Amino acid sequence: MSASPPASRSQASLSSSKSQSRSTVQQDISLETLVSHLLASKRSLSSISTVWRANEIVTSARAALEESVVLSARTGFLRSGISEQVKILRKVRGGVENVYKEGQRDFKSVIRTLDAANARLESTMDILRTTMVEATFRPEKEEPRSLLDFVDEQAVQTMRDTLKESIRESQEAQTEFDTSILAFDNDLRALKAAMKSSPQPSASQSHNELSSTIPTHLQSLESHAQEMAALLDSLVQHFDLCVNAIRHTEGGYAAVRKAASSQPPGAEAVSVSGVMNTENDPPSDEPISDEERREMFDVLEKDASQVDDVVMELKEYLEEMEMKHDVILEYVSALTNTYNETTAAYQILEGIGARLSGYIIASQDFQIRWEETKINIREQLNELESMRLFYENYHSSYDGLILEVYRRKQCEEKIKNIVKKAMEQIEKVYEADLKEREGFRLDVGDYLPVDLWPNVNTPAPRWEFVLADGQGQSDSVPEVERSVVDAAGRRDRERKRAER
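Since this is a predicted model, take the numbers as computed values, not measurements.

Turning our attention to the overall build of the protein chain. Helix and strand content of the protein chain: nine helices and zero strands. For the protein chain, the N- to C-terminal ordering of α and β elements is α-α-α-α-α-α-α-α-α. Within the protein chain, the proportion of its 500 residues that are buried is 35%. In the protein chain, of all internal contacts separated by at least 6 residues, the share reaching a separation of at least 24 is 91%.

This is the structure we're talking about:
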């Protein structure tokens, strides 16, 4: 065995051992030294376990990398598929969001329209509430009453209750839709969290760096395993050379058995069973020259000084392989965790897919219910507006009533003036008739018999005007204050201007 590298040591040892041939033992090296070299060489062969372990590491690393290729492919395929599905889910979520926002806009618009319509109705009702009916229109001693007292307010309240119920139904539909959207968002967040929960690479190396260095690690492991096999082979050859030297030494086997059985306390036990076939193995029939013997013992002595170094080097190789093997296993473990997490994410995606139809149906159901509710609200709005118009017409009709009463009063006054003038003329005719009748009676009354015309002394008739068809004073047109009439006329003119 030479100094370095290990492969060259094994080759040197192998070549030197092949050049040896059996001969009579020379005392170039003492028997005790030969026995010591043999036992040390036998102990060094226990390093075969490191070579076995190296082989196991290489086999494990190859299997791990094969697994990593499969895991990477599966994980990449799954993540790519999940990413595409997430894009579709986000589009669906956007569509659901648009339905929700449109419904919100419609609802707010309807509420504003309702508030405006109710405000207009309330304003009209306030006008009716503050407009007091003229006392002259009502019976005496009746409490003052407004125009609103003569209409049924319950219809308005019923309409408002109906509108409130429609709004409540709309809000219930919106709440159900909100719940569906929230569940959809929770699913998307869970899927996003699952995609981000893959194991992170170590602090010193990123995932890509690990992936790129794994083939290099495998090549290094295979190279180390080959070098370790070569080193072990050199140890075997050294051991064979030691056995060969012992066999060519008289009393060598007995010395080996004695030394193996009397190891100092704490020393590693060495079994020499099978080293030589029998204690009386015949010496080699092939003589070797003194030169060949010296070369054999030179190589033996030189290699013996390097056995511990080779054993140590095997251990160092194995330690380095273990570290690289751990890196590979860590990488594959990370891939496995990533694959498992991705599989879990895919299972979440499957769950979302099963519930997706429900989210879409909830969106469609909300649209249908809102459209129906909106139609009902619009119809009720039309009824509310009809009530307002009725109340406005009611108020304008009251102004018309005031103006009509004023017109009738004017007509009545004109008739009364005409009747008054006529009565004055009739009274004059009546007074003249009285005088003429009295004069006639004084002139001829003493000469005409009374029974000649019984009505000759009848008094002059009195004439007067009365209402027809038994109409009395209570049927007279009531008196309305001029200021009330003027206010009614002003409002009537303003309405007519607004209608133009």
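Inspection of the secondary structure puts serine 83 in helix α3 (residues 48-130). Here serine 83 falls in the partly exposed class, since its relative accessible area comes to 33%. Residues serine 83 and methionine 195, spaced 112 residues apart in sequence, show a C-alpha to C-alpha distance of 9.3 Å. In terms of polar contacts, serine 83 uses its side chain to reach the backbone carbonyl oxygen of arginine 79, at 2.8 Å.

What follows covers a nonpolar patch on the surface. Together, Phe440, Leu448 and Leu452 line one region of the surface with nonpolar side chains, adding up to about 290 Å² of accessible area. Residue position: leucine 448 is located in the loop between α8 (307-444) and α9 (482-499). On the basis of relative accessible area, leucine 448 is assigned to the partly exposed category, the value being 39%.

Under the defined criterion, the tally for this structure stands at six aromatic pairs. A ring pair is formed by phenylalanine 137 and tyrosine 398, whose centres lie 6.3 Å apart and whose planes are at 90°; its orientation type is edge-to-face. Of this pair, phenylalanine 137 sits in the loop between α3 and α4 (154-196) while tyrosine 398 sits in helix α8, and the two are 261 residues apart along the sequence. On the basis of relative accessibility, which here comes to 21%, the residue phenylalanine 137 falls in the partly exposed class. Residue tyrosine 398 is classed as buried on the basis of its relative accessible area of 6%. In textbook terms, an aromatic cluster arises when at least three aromatic residues are bridged by ring pairs, as seen for Tyr100, Phe177 and Phe366. The ring of phenylalanine 150 is capped by arginine 145, whose NZ or CZ atom sits 4.1 Å from the centre of that ring. Residue placement shows arginine 462 over the ring face of tyrosine 430; its charged tip is 4.2 Å from the ring centre.

This part is about the side chain of arginine 388. Relative to the elements of secondary structure, arginine 388 occurs in helix α8. Within the local environment of arginine 388, its side chain forms a polar contact with the side chain of glutamate 385, the two groups lying 2.3 Å apart. Ignoring anything within four residues of it in the chain, the contact list for arginine 388 reads Arg120, Leu121 and Thr124.

Peptide bonds are, in most cases, trans, and in most cases residues other than glycine have a negative phi. Notably, lysine 141 is not glycine yet its phi reads approximately 65°, a positive angle. With respect to the element layout, lysine 141 can be found in the loop between α3 and α4. Overall, lysine 141 belongs to the exposed group, its relative accessible area being 84%.

What follows covers the nonpolar core. Counting residues in each nonpolar core, the largest one holds 29 residues, and the members touching the most others are Leu114, Leu121, Tyr391 and Ile402. At the level of elements, α3, α4, α8 and α9 are the ones that each hand at least two residues to this core. When residues of this core are assigned to their parent elements, the largest contribution, nine residues, is made by α8. Residues lining this core come from more than one domain, with at least three contributed by each of domain 1 (40-274 + 285-391) and domain 2 (395-468 + 475-499). Apart from residues lying up to four places away in sequence, leucine 114 is in contact with Leu163, Ile167, Ile377 and Leu381. If you look at the next biggest cluster of nonpolar residues, it comprises 24 residues, including Ile57, Ala64, Leu71 and Ala225.

Between α3 and α4, the least distance of the axes is 10 Å, while the angle of their chain directions is 160°. As summarised for this structure, α3 and α4 are arranged roughly antiparallel, according to the angle between their axes. By crossing handedness, the relation of α3 to α4 is classed as left-handed. Here the residues of the contact of α3 with α4 are counted per class, giving 21 nonpolar, six polar and eight charged.

It is worth spelling out the side chain of lysine 374 at this point. Residue position: lysine 374 is located in helix α8. Taking the relative accessible area as the measure of exposure, lysine 374 reaches 7% and is therefore buried. Here glutamate 371 takes part through its side chain, which lies 3.3 Å from a polar atom of the side chain of lysine 374. Dropping the residues within four chain positions of it, lysine 374 is found in contact with Asp106 and Val110.

A separate point is the environment of proline 144. When you line up the elements, proline 144 lands in the loop between α3 and α4. Distance in space between the C-alpha atoms of proline 144 and methionine 132 is 7.0 Å, their sequence separation being twelve residues.

Next up on the list: a positive patch on the surface. A cluster of basic side chains, namely Arg490, Arg493, Arg497 and Arg500, defines a positive patch on the protein surface. Tracing the backbone shows arginine 493 in helix α9. The exposure class of arginine 493 is partly exposed, given its relative accessible area of 47%.

Considering every residue of the protein chain, the mean pLDDT works out to 78; 73% of them sit at 70 or more. The element-level mean pLDDT for the protein chain is lowest in helix α1 (residues 6-18), coming to 40, with α4 highest at 91.

Criteria and thresholds
- Residues numbered from 1 in each chain as written.
- Predicted model: local features only at pLDDT ≥ 70, side-chain atom pairs only at ≥ 80, totals over all residues.
- Heavy atoms only, no water.
- Helix = DSSP H or I, 4+ residues; strand = E, 2+ residues; numbered from the N terminus.
- Buried < 20%, exposed > 50% of the residue type's maximum accessible area, 1.4 Å probe, protein only.
- Contact = heavy atoms within 4.5 Å.
- Polar contact = N/O pair within 3.5 Å; in protein donor to acceptor, adjacent residues only side chain to side chain.
- Patch = residues over 30% accessible without salt bridge, like charges linked within 9 Å, V, L, I, M, F, W, Y side chains within 5 Å.
- Areas by Shrake-Rupley, 256 points an atom, 1.4 Å probe, with all protein chains shown as cover.
- Salt bridge = Lys/Arg side-chain N within 4 Å of Asp/Glu carboxyl O.
- Phe/Tyr/Trp six-rings, centres within 6.5 Å; stacked < 30°, edge-to-face > 60°.
- Lys NZ or Arg CZ within 6 Å of the ring centre and 35° of its normal.
- Core = buried A, V, L, I, M, F, W, Y, C linked by side-chain atoms within 4.5 Å.
- Domains from an automatic or database assignment.
- Axes fitted to C-alpha atoms, helices over the stretch in contact; angles between N-to-C directions.
- Parallel < 35°, antiparallel > 145°, perpendicular 65-115°, else oblique.
- Left-handed = near helix turned anticlockwise from the far one by under 90°.
- Nonpolar A, V, L, I, M, F, W, Y, C, P; charged D, E, K, R; others polar.
- Lys, Arg positive; Asp, Glu negative; His and termini not counted.
- Charge placed at Lys NZ, Arg CZ, Asp CG, Glu CD.
- pLDDT = per-residue confidence, 0-100.

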